[in-house]
Amino acid sequence: MKKILFLTLAFAATAAFASSCPGEMKAIDAKLATKPALAAADMTKVAALRAEGEKLHKEGKHAESVKTLDEAKKLLGM
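Residues numbered from 1 in each chain as written. Predicted model: local features only at pLDDT ≥ 70, side-chain atom pairs only at ≥ 80, totals over all residues. Heavy atoms only, no water.

**A closer look at unusual backbone geometry**
What counts, and what does not: To qualify as a helix, a DSSP run of H or I must reach at least 4 residues; to qualify as a strand, a run of E must reach at least 2; elements of each kind are numbered from the N terminus.
Positive phi, close to 55°, is recorded for Lys35, a residue that is not glycine. You can see Lys35 is positioned in the loop between α1 (2-33) and α2 (40-58).

**What about the pattern of salt bridges?**
Formally: Whenever Lys or Arg places a side-chain nitrogen within 4 Å of a carboxyl oxygen from Asp or Glu, that contact is recorded as a salt bridge.
For the coordinates displayed, the defined rule picks out six salt bridges. In this structure, Glu54 engages Arg50 in a salt bridge whose closest nitrogen and oxygen atoms are separated by 2.6 Å. One end of the pair, Glu54, and the other, Arg50, are both in helix α2, four residues apart, so they sit about a helical turn from each other. Salt bridges sharing partners connect three or more residues here, namely Asp29, Arg50, Glu54 and Lys58.

**Looking at the nonpolar core**
The tendency in soluble globular proteins is for nonpolar side chains to be buried as a group. Note the threshold: Put simply, buried Ala, Val, Leu, Ile, Met, Phe, Trp, Tyr and Cys residues joined by side-chain atoms within 4.5 Å make one nonpolar core. The buried label goes to any residue with under 20% of its type's maximum accessible area, the exposed label to any with over 50%, and the partly exposed label to all in between, with areas taken from a 1.4 Å probe on protein chains only. Whether two residues touch is decided by their heavy atoms; if any such pair falls within 4.5 Å, the residues are in contact.
Core analysis: the largest hydrophobic core is formed by nine residues, namely Cys21, Met25, Ile28, Val46, Leu49, Val66, Leu69, Ala72 and Leu76. Only α1, α2 and α3 (62-75) provide two or more residues apiece to this core. With sequence-adjacent residues up to four places away left out, Leu69 is seen in contact with Cys21, Glu24, Met25, Ile28, Leu49, Arg50 and Gly53.

Put into structure tokens, the structure is as follows:
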């Protein structure tokens, strides 16, 4: 019974991370569309972090994806 509860909670946590990644990417894309005043180097880093976050999401590494996307959001002042 404890194993079933643990597996259910683990699955729910993974699903929560998985579903938040696309929203994070959309938020970054929306901010980039406003052409924020950032140095070219920072814009390049944001684009790289955004791409890495999407790659990690597609690989099923959702916690890492969210962390990477959060770094991009911080650079954008979000």
